[in-house]
Amino acid sequence: MNSAAIYAGTFDPITKGHLDVVGRAAHIFDRLVLAVAGYSRKTPLFSQEERMEMARDSVRVFDNVEVDIFNGLLVEYARSMKINVVIRGLRAFSDFEFEFQMALTNRKLAPDIETLFLMPNEDYSYVSSSTVREVAELGGHVEDFVPESVQRALQSKFGIHA
Ligand code: COA
């Protein structure tokens, strides 16, 4: 039987921290679906299509990772994909409360779906999509935090010419 997992997020945009988690999960599972959420509590900078394109470009190096989009509940999406493991990255203690709430809510909604937490490399434990967006908007360099194609997308979004 092939093992599979879903790594869901807003990915606005995908960062090297996310990609570190992708690499770890891709190593454990035969197949990893990176699922870009349509609905989240946040109002994203990038459209779902743009976030998917950036993610797709960034995971090209992994031959067992595919990128998809989903709308609605994550657990419903997981069921529709017949995948019962959802990956989340845990960077620091500050992530825990929200992740704990989400994992237990998802468990209540779908007891058959398990949330698995992976810790990214400590080099990325402070990286977040919102700080990357802020630095890029103010003209700072973000190449340490995001892949080159994401850096270009941010520059183009903010009308910054490299
Ligand atoms: N490296 C770097 N940054 C990371 C990271 C990592 N490994 N893991 C998380 N982050 C950061 C992101 O950069 C982002 O930072 P920001 O808040 O500053 O923008 C933040 O942590 C979380 O973003 P992301 O990883 O994209 O996930 P998310 O928390 O936005 O994803 C969903 C949430 C989409 C999974 C969740 O809202 C969902 O399931 N939505 C569908 C609707 C649903 O089912 N709701 C019920 C859930 S209880």
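Residues numbered from 1 in each chain as written. Predicted model: local features only at pLDDT ≥ 70, side-chain atom pairs only at ≥ 80, totals over all residues. Heavy atoms only, no water.

You can see D95 is positioned in helix α4 (residues 93–109). D95 sits in the buried class, given a relative accessible area of 10%. With sequence-adjacent residues up to four places away left out, D95 is seen in contact with G89 and L90. (Helix = DSSP H or I, 4+ residues; strand = E, 2+ residues; numbered from the N terminus. Buried < 20%, exposed > 50% of the residue type's maximum accessible area, 1.4 Å probe, protein only. Contact = heavy atoms within 4.5 Å.)

A cluster of nonpolar side chains, namely F93, F96, F100 and L104, defines an oily patch on the protein surface of about 450 Å² accessible area. For F96, the position within the fold is in helix α4. (Patch = residues over 30% accessible without salt bridge, like charges linked within 9 Å, V, L, I, M, F, W, Y side chains within 5 Å. Areas by Shrake-Rupley, 256 points an atom, 1.4 Å probe, with all protein chains shown as cover. Salt bridge = Lys/Arg side-chain N within 4 Å of Asp/Glu carboxyl O.)

This part is about the site of the ligand. Surrounding the ligand, one finds 27 residues, the nearest of these being T10, L74, R88, S129 and S130. Measuring from an oxygen atom of the ligand, one finds a backbone N or O atom of F11 at 2.9 Å. At 2.3 Å, a side-chain N or O of S130 approaches an oxygen atom of the ligand. Contact with the protein chains hides 87% of the accessible area of the ligand, taken as 940 Å² for the molecule alone. (Near = heavy atom within 4 Å. Polar contact = N/O pair within 3.5 Å; in protein donor to acceptor, adjacent residues only side chain to side chain.)

Turning to the pairing of strand β4 (residues 85–89), a few remarks are in order. Looking along a regular strand, one sees the side chains alternate between the two faces of the sheet. Counting buried residues along β4, five of its five residues qualify, which places the element largely inside the surrounding structure. Across the two faces of β4 the burial is the same, with V85, I87 and G89 and V86 and R88 all buried. Bridge count for strand β1 (residues 4–9) against β4 is two bridges, and the pairing is parallel. The partner of Y7 across the bridge, within β4, is I87. (Pairing = 2+ DSSP bridges.)

The next point concerns the sheet that holds strand β2 (residues 31–37). Either a parallel or an antiparallel arrangement is found when strands of a sheet pair, and the pairing is made through backbone hydrogen bonds. Pairing within the open sheet is parallel, and its five strands lie in the order β3-β2-β1-β4-β5. The sheet terminates laterally at β3 (65–70) and β5 (114–118), the two strands that pair on one side only. Across the sheet, the mean angle separating the axes of adjacent strands is 30° when strand polarity is ignored. When β1 meets β2, the two strands line up parallel, connected through six bridges. Looking across to β2, one finds that G9 is bridged to V36. Its contacts with the sheet put α4 on β4 and β5, and the angle it makes with β4 is roughly 170°. (Axes fitted to C-alpha atoms, helices over the stretch in contact; angles between N-to-C directions.)

By themselves, these are just geometric observations and shouldn't be taken as functional.
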